[in-house]
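So the chains spell out like this:
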Amino acid sequence: MKAKFNKVKEKTTALLKQGLTPKELSQSFIVSGLISTIPILGVSTFMITTVSLKRKLNLPLMISLSYLMWPIQILMIIPFIRVGEFIFSVPRNHHTVEEIISSFQSSFFQTLSHLSFELLCGFGGWLLTAVPVAVGVYWVSLLFLKGKKIQ
């Protein structure tokens, strides 16, 4: 049983590493984490797949991380909207996360239409907070990974 577990562990590890350099592995983590927190539900998997294929990053790792980040994406929708409202100097809305999620579940495109301004504020808040944080984390991770070989 232990040998079978070790074999599965080795195959999973090999799939997630895919012979990537530390820089590429770091990019896979950071880009996936960044896109996974975008405050528009339902677009992150498509965006991650597109970026991964274009930049030749680790798609299985990025999709796995995306699913793990889903609770954080949900928790960050309202804060990103609040930051965007502050940046754009617009009156505060009073939507809850539950309202936004149920609206997306009932009709994705109708929600985009109905909440387009709020989602635009959330996207602006995400761009001005999450993107700089991700760039900073990427550069710090490169400092720690520099010279280390991923096996």
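As a starting point, this report considers the structure included with it. Remember, predicted model here, so these are calculated numbers, not experimental data.

Cut-offs used in this document
Residues numbered from 1 in each chain as written. Predicted model: local features only at pLDDT ≥ 70, side-chain atom pairs only at ≥ 80, totals over all residues. Heavy atoms only, no water. Helix = DSSP H or I, 4+ residues; strand = E, 2+ residues; numbered from the N terminus. Buried < 20%, exposed > 50% of the residue type's maximum accessible area, 1.4 Å probe, protein only. Contact = heavy atoms within 4.5 Å. Areas by Shrake-Rupley, 256 points an atom, 1.4 Å probe, with all protein chains shown as cover. Salt bridge = Lys/Arg side-chain N within 4 Å of Asp/Glu carboxyl O. Patch = residues over 30% accessible without salt bridge, like charges linked within 9 Å, V, L, I, M, F, W, Y side chains within 5 Å.

### Some points on the overall build of the protein chain
Now for step 1: Assigned secondary structure in the protein chain consists of eight helices and zero strands.
Now for step 2: Classification of the 151 residues of the protein chain by burial places 37% in the buried group.
Now for step 3: Contacts in the protein chain between residues at least 24 apart in sequence constitute 68% of all its contacts with a sequence separation of at least 6.
Now for step 4: Per element, the accessible surface of the protein chain, about 9800 Å² overall, is 70% carbon and sulfur.

### Considering the pattern of salt bridges
Now for step 1: In this structure the tally under the stated criterion is one salt bridge.
Now for step 2: Among the ionic pairs, R82 bridges to E85, the shortest N-O distance being 3.4 Å. Taken together, the residues span about one helical turn, with R82 and E85 both in helix 5 (residues 70-88) at a distance of three residues.
Now for step 3: Note on E85: relative accessible area 5%, which makes it buried.

### Concerning the environment of I35
Now for step 1: Relative to the assigned elements, I35 resides in helix 2 (residues 22-36).
Now for step 2: Along the chain, I35 and W126 lie 91 residues apart, while their C-alpha atoms are 9.8 Å from each other.
Now for step 3: I35 has contacts with S44, M47, I48, V51 and W126, leaving out every residue within four places of it along the chain.

### Points about a nonpolar patch on the surface
Now for step 1: On the surface, F86, I87, F88, L127 and L128 cluster together into a nonpolar patch covering about 520 Å² of accessible area.
Now for step 2: For the nonpolar patch, the elements supplying multiple residues, two or more each, are helix 5 and helix 8 (116-145).
Now for step 3: Looking at the nonpolar patch element by element, the count peaks at three residues for helix 5.
Now for step 4: Inspection of the secondary structure puts L127 in helix 8.
Now for step 5: Overall, L127 belongs to the partly exposed group, its relative accessible area being 37%.

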